[in-house]
Every structure is written in C-alpha cells, then in structure tokens.
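Fold and geometry: a report
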Amino acid sequence: MRLRNIPGAEAALREYPTFVDSPLSYKGRWKERFGNDHPIHVEIGCGKGRFINTLAKRHPDTNFIAVELKAEVVLRALQRTEYETIPNLAFIQFDASKISELFADHEIARIYLNFSDPWPKARHAKRRLTYASFLNNYRQVLTQDGEIHMKTDNEKLFEFSLNQFAAERFQMKNITFDLHQSKLAEENVMTEYEERFSSRGQRIYRVEASCLI
Ligand code: SAM
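Keep in mind that what you see is a predicted model, and the values were worked out from it rather than measured.

The subject of this paragraph is the sheet that holds strand S1 (residues 40-44). Within a beta sheet, neighbouring strands are joined by backbone hydrogen bonds and run either parallel or antiparallel to one another. Strand order in this open sheet of seven strands is S3-S2-S1-S4-S5-S7-S6, and the pairing throughout is mixed. Two strands close off the open sheet at either side, each with one partner strand: strand S3 (89-93) and strand S6 (171-176). The sheet shows a mean angle of 15° between the axes of neighbouring strands, direction not considered. As judged from the four bridges shared by S1 and strand S4 (residues 108-114), these two strands associate in the parallel manner. For Val-42, the partnering residue across the bridge sits in S4 and is Ile-111. Its contacts with the sheet place helix H5 (residues 132-141) against S4 and strand S5 (142-152), and it is angled at close to 140° to S5.

Relative to the assigned elements, Gly-146 resides in strand S5. Taking the number of C-beta atoms within 10 Å as the measure of exposure, Gly-146 has 22 and is therefore buried. Sequence separation of Gly-146 and Ala-66 is 80 residues, and the distance between their C-alpha atoms is 17 Å.

In this structure's numbering, the residues bearing the UniProt feature "binding site: S-adenosyl-L-methionine" (unreviewed entry) are Glu-43, Glu-68, Asp-95 and Asp-117. With the annotated positions falling across 75 residues, the maximum pairwise C-alpha distance of 13.9 Å places them together in a single cluster. Taking the number of C-beta atoms within 10 Å as the measure of exposure, Glu-43 has 24 and is therefore buried. With residues near it in sequence (within four places) discarded, Glu-43 still touches Phe-51, Ile-52, Ala-66, Val-67, Tyr-112 and Asn-114. With 13 C-beta atoms packed within 10 Å, Asp-95 lands in the partly exposed category.

Turning to helix H4 (residues 71-81), a few remarks are in order. Those residues of H4 that sit buried are Glu-72, Val-73, Val-74, Leu-75, Ala-77 and Leu-78. Residues of H4 that are buried in the fold lie against helix H1 (9-13), strand S2 (63-68) and S3. Once H4 finishes, Glu-82 follows within two positions and takes phi at roughly 45°, a positive value.

Across the chain, the average pLDDT comes to 95, with 96% of residues at 70 or higher. Model confidence for the complex is summarised by a pTM of 0.96, with the ipTM given as 0.99.

Definitions and cut-offs
- Residues numbered from 1 in each chain as written.
- Predicted model: local features only at pLDDT ≥ 70, side-chain atom pairs only at ≥ 80, totals over all residues.
- Pairing = 2+ DSSP bridges.
- Helix = DSSP H or I, 4+ residues; strand = E, 2+ residues; numbered from the N terminus.
- Axes fitted to C-alpha atoms, helices over the stretch in contact; angles between N-to-C directions.
- Contact = placed C-beta atoms within 7 Å.
- Buried ≥ 20, exposed ≤ 12 C-beta atoms within 10 Å, placed from the backbone.
- UniProt positions renumbered as here; feature names shortened; annotations may be inferred.
- pLDDT = per-residue confidence, 0-100.

Following this line, the structure appears as structure tokens:
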C-alpha cells in the first residue's frame, strides 16, 4: 500500500489506545493485554484496517491483532477509529517475517492474509507472505487446529499459494475462484483493496488452509 511518508507518524501512533507500542513484550502473554482467554485472530498487512475493525465489532468474543509493516499505514488505520477503544482489537507496526518473535508457539488461532503484495518477479518469490518459510513460521504460532484465511485478486499469487499450502502439508477447504458469486459471499467482510478490485469487475480468490492434516 503506497501512502506518502507522514512526518512524525511513529510518535503519533502512541496517542491511540488500540496501538501496542512494544509488542514483543507480549509474546506468550497476549491474553494479559486483552484481559481474557478468548482466541486470537491476526491480520497480516491490515492496510487501512476496515476489515479487522468490522470483524472486531462483530465478534466481541474473539481478540484481533492487526499487523502492518508501515507506520504511516497503521496511522491511517488508527485515524479511522478516532480514538475509539475497541477492547478486543490491537494494532501493531511489525514485519510479519519475524512473527515467531511476536507470538509464542500455538498462541494464535487464525491468520488472515488479505490482498498481500504479489511480488510478481520470480526472484522476489521469497517475499510473498505465502512462501514456504512464512507458512512454517505461521504453523509454529498457530494452534494445532489453527487456520490461515487468504484472499486475493491476483490469480498467479493464488495459484502459487495453493501450491505452497499443498507442499507444506496444509489442508485446504472452502476454495473459491469467485468469492463474490459463491456461497461464502454473504458473510464476507470486504477490505479496501477488495472494494477497489471488485468494483472494476475483477474476481476474488479465497482459500482456508489449516495446519491439521
Ligand atoms: N489488506 C489490505 C487490503 O486488503 O485492503 C491492504 C493490502 S496492501 C496490498 C498489503 C499491505 O501489507 C500493505 O499495507 C503492506 O504495507 C503490508 N505488508 C506487506 N508486507 C508485510 C509484512 N512483511 N508484514 C506486515 N505487513 C506487510
């Protein structure tokens, strides 16, 4: 997601009650941050945060953590909440390639990957958020029956991801090559990118992959 650099973005983040400034200190202790034992769902690359804000309000018995690489993008997401405190939602600025530094083994129940950067060049394949090394890190932090829910408009990234899930022995279900025309459409929560791509008539691909085999 391209946003112009916002001077002072990192300092501004700390003004927001849903922003977690030192996330590594919560490794293995995220339930203390939320004050309950509810399952934790994580969105990697939350962008402007519409998806996770909607889910958090809709599911108060689940804790949600939005992970985003860029400070200015996290700030945009937080500005949307206008200092509203959503008790089951936390935002962090973090690089998901180091996710096992953020969560203890089996600490989280679900990962959402929504419209992840496709990195189309073959030499950049290792940067894709569904590359084998990422999947193995996710497996480590996910519960035994944990799931990864992925959606994208990019057919090649989708095909690549299905192959990576299969090669890394994830079990796949609810695969659709046209989400908005499928039975899953009714409960689907749109992201900003999804809104943009689907309004241009592009199909949305989606899969759920679980660690259980
Ligand atoms: N999920 C949002 C949506 O669907 O509207 C945003 C999609 S945007 C194409 C991808 C986002 O992932 C960007 O905001 C980018 O900064 C973030 N991102 C990319 N690599 C990341 C990483 N390693 N860790 C965390 N976020 C990452």
